[in-house]
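Now for the letters of each chain:
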Amino acid sequence: MTRPVKIFWRIFLYGTLAIVLFFLLINWGVFGKMPSLAELENPSITLASEVFGDDGTPMGKYYRERGNRSYVKYNDISKHVIDALVATEDKRFYEHSGIDGIRLAKAVTTLGRDGGASTISQQLALNMFDERATNPVSRVLQKLKENIIAIKLERNFTKQEIIALYLNTVPFSDNVYGIRNASRTFFSKEPDRLTIEEAAVLVGMQKATGTYNPRTNYKAAFDRRNTVLELMARNSKITEGEAARLKKEPIRLNYKKMDENNGIAPYFLDVIREELKKWAKDHKKPNGDEYDIYADGLHIYTSINPRMQIYAEEAVAKHLPVLQRALAAQRSLKTDAVWKGHEKILEGYMKSSQRWRNLKEDGLSDAEIKKTFYQKTQMKVFAWNPKREKDTVMTPMDSIKYNREMMQASFMVMDPLSGQVKAWVGGIDFKNYKYDHVNLRTKRQVGSSIKPFLYALAVEEYGFTPETQCENTQQYFPGSGYVPAKNRGRTGTRTMASGLAWSVNEVAAYIIKQTTPQRFADFLKQINIPTKVEPFPSICLGTTDLSLYEMMWGYTMFPSGGFSTKPIYITRIEDKNGNVLELFNAERKEVISQTTAYTMARMMQGPVDYGTAAGLRARLGAAEMGGKTGTTNDNSDAWFFGFTPQLMAGTWIGCDDRFVRLDGGLGEGGRAARPIWEYFFQKVYADKTLGLDKQARFVQPENMRSEGLYDGYNLADRTPDPGAEGENVGNGTADEYLSTPDTQNIPTDSKQAIEEQKILEEAVKPKNQVPVKKDEPAKEEVKTDEQKKKGLFRRIFGGKKDKDPNKQ
């Protein structure tokens, strides 16, 4: 062998070894991290976690940038998408083993002018990198890595699996990732239902997602779709005739991109995000790593009912504009007088704004920044219109005031027996107001809505009944003073039932004097109210701050037979493959007897029949229902809680700054909060698919006879007592339960309520009068008070011999 030949073979051998070693070093990650075997076995490692409603409806996702992907199996992808992809991106896909030699040679000889050389497998490999290399050297190394990964993919997966993996990871227009998200976003359908022309639109985006976006660049997207159709015909995926016909069709989008601002129950999704993060820290994957809600493709199933959620949001959106118009019309807001004395609060909002932080980063002084807050500028602000925003010109300081003067609301619906939360509305618009007003951290003064807890304690432990006579006077507490603070000159006694129906502060003060404030504070803890309540006498009037969430938790004991049921909203969590990781069940604890719970549920019908929410039950046509309003000092907060045997809901109304409030009666719980509750129940009762029964009744304990429960009621307790809920820390009101109401106090649209009034009048009206001469005493057959009481209470509260109240 000649010396030149020896040199040649040495160069060839060493060169070959060098190349092999080079590829091995690449594979071992010497020139940068390579995906592990586990990642190769699961290339769609960054899957978004999805949240579902109780019927399986997708509600939203948690993902990082480029991580918004939802996995879909090969068999659940339309054949048209697969045909379009292969025809357009890799026509010899089923023939090569990851690298197309013919296409590679052509790309080299033409310098890429006739298209790139990457196969679908290579493109999938590229999608596994967090970012694409930009400088030439790094790009060459990344290209070599792509080739290695592509070959590995072909060894480990079938062609069908590679297609599915590719379509699940590839980006589409508008930062949408994965074929399922793209199909849902652009055509509002699942990927197995895509037509030929729709598939061509989505596959066409792959060339340049920005350029061929049909929403923003229709002409380019239209031409690109037609190019894909031509390629499908050229590769025998469709006929020439089909291609010609479909090319004439316009692109018909049904665009709906779900994001954190417009998904189902956005406030709810934001709240449970934090709980899921905590769950992920406490639970490990098989490899010992913590779960990542942004990348592990978890399936979170919740108790939220999408139909009820929509009705709840509609209820808020129907009533809040009415309140907002009334608030905006007040002189104190028109003249900015409401902000007098609160300048430091405004300054705090100014300095915590994003505008202030941005200008501070730009190097401006505080004085310079402050000056910009008083210069008018164009901006978008929230408005009660279909778009929930409007263009306007105002100063940044005025925009702060505008937003702080916006009425806020919260609304929560749950099944009192199972504890499952069915709807959650944390505010008026998540895009503009991220703060949630339902959760445990958001606490406001609860007003009279706390009184049912006090009444339940009195019934459970102190022998009170609905007919127990209670002092209707201001009460003195040594060391604390008088409760209520203002003496309205009330005297005498009234029944416990009337005190609850009309939310009489004096009655509540009398009851807490019997139970003691300390025992009531302990009782609130006993019924699972998480917030510690200090034992001041005024807590009987609701001066403590509690959240809507914990108030709902407390109210569950009334319709559920004495069991306190913690609200739950996550029912189970699965991994991306459908394996159940955890199930969540109701947490129930018996806190009062069934007898007390039933007594309270029936007594709480007073407010919704004749009290502070008069006529509500009649208007809805429900056989049995309980409820309670709440209004706090100067109408800063308005509440309403109500329940039927099957469903309960609670709502709060107010502004984030308590000194911004509605004046007059419109700000009371019965007028500000109750309409939201009522509208919601109108909708759910009308929706037969929800299975709610208007004739459902509370379960009566075997040891109770309702017609005998109220024999001690003083029928003569009918004297009108002017006042209003909202006075004295907003926890009292005027008239008593079962007094003879004026016609003007009965809703004119409620025949049932008018009928109730007639029954009350008849109950105290002399019977069988005969004509008498002038000045001659009437001769009459008068029923005894005992007979009147029994008949009246059977009519109002029900009993074994009662007729259906809706058929009276």
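Check the entry above for the structure.
If you're wondering where the values come from, they're calculated on a predicted model, not measured in any experiment.

Parameters and conventions
Residues numbered from 1 in each chain as written. Predicted model: local features only at pLDDT ≥ 70, side-chain atom pairs only at ≥ 80, totals over all residues. Heavy atoms only, no water. Phe/Tyr/Trp six-rings, centres within 6.5 Å; stacked < 30°, edge-to-face > 60°. Helix = DSSP H or I, 4+ residues; strand = E, 2+ residues; numbered from the N terminus. Buried < 20%, exposed > 50% of the residue type's maximum accessible area, 1.4 Å probe, protein only. Lys NZ or Arg CZ within 6 Å of the ring centre and 35° of its normal. Pairing = 2+ DSSP bridges. Axes fitted to C-alpha atoms, helices over the stretch in contact; angles between N-to-C directions. Contact = heavy atoms within 4.5 Å. Core = buried A, V, L, I, M, F, W, Y, C linked by side-chain atoms within 4.5 Å.

Teacher, can you tell me more about the packing of aromatic side chains here?
Aromatic rings considered in pairs are described by the distance between their centres and by the relative angle of their planes. Scanning the model with the defined rule gives 27 aromatic pairs in all. On the basis of an interplanar angle of 35° and a centroid distance of 5.6 Å, the ring pair of Trp-279 and Tyr-291 is categorised as tilted. Taken together, the residues Trp-279 in helix H12 (residues 266-282) and Tyr-291 in the loop between H12 and strand S5 (299-302) connect sequence positions 12 residues apart. The pair formed by Trp-279 and Tyr-291 is uniform in burial state, with each residue classed as buried. Centroid distance Trp-339 to Phe-659: 5.4 Å. Interplanar angle 85°. Geometry classified as edge-to-face. Remark: Phe-659 occurs in the loop between strand S22 (648-654) and helix H27 (669-672) and Trp-339 occurs in the loop between helix H14 (331-334) and helix H15 (343-351); sequence separation between them is 320 residues. Pair check on accessibility: Trp-339 and Phe-659 agree, each one buried. Taken together, the ring pairs connect Phe-453, Tyr-555, Phe-558, Trp-639, Phe-641, Phe-643 and Phe-698 into an aromatic cluster. Stacked on the ring of Tyr-255, the Lys or Arg Arg-215 has its end atom at 5.3 Å from the ring centre. Its guanidinium or amino end placed over the ring of Tyr-212, Arg-224 lies 5.9 Å from that ring's centre, counting from NZ or CZ.

Just to check I follow, could you spell out the sheet that holds S22 for this structure?
Two orientations exist for strands paired in a sheet by backbone hydrogen bonds: parallel and antiparallel. Reading across the sheet, the five strands line up as S9-S8-S22-S21-S20 and stay open at both edges, with antiparallel pairing between neighbours. Since the sheet does not close on itself, it has two edges, and those belong to strand S9 (421-425) and strand S20 (626-631), each with one partner. Across the sheet, the axes of successive neighbouring strands diverge by a mean angle of 5°, strand direction being ignored. Relative to S9, strand S8 (residues 408-414) runs antiparallel, the two being bridged by four bridges. Residue Met-412 lies in a different strand from S9, and its bridge partner there is Trp-424. The strands that helix H23 (residues 548-555) touches are S8, S9, S20, strand S21 (637-643) and S22; relative to S8, the one it contacts most, it runs at about 30°.

Looking at this structure, how should I read the nonpolar core?
General note: in soluble globular proteins, nonpolar side chains tend to be found buried as a group. Counting residues in hydrophobic clusters, the biggest one holds 143 residues, and the most contacted among them are Phe-411, Trp-424, Phe-453, Ile-511, Phe-520, Ile-653 and Phe-680. Counting residues in hydrophobic clusters, the runner-up holds 45 residues, among them Val-72, Phe-186, Met-205 and Phe-222.

Is there a simple way to think about the side chain of Ser-449 in this case?
Counting through the fold element by element, Ser-449 comes out in the loop between strand S10 (443-445) and helix H19 (451-461). Judged by relative accessible area, which is 0%, Ser-449 ranks as buried. Each residue touching Ser-449, except ones within four places of it in the same chain, is listed here: Met-551, Tyr-555, Lys-628, Thr-629, Gly-630, Trp-639 and Phe-641.

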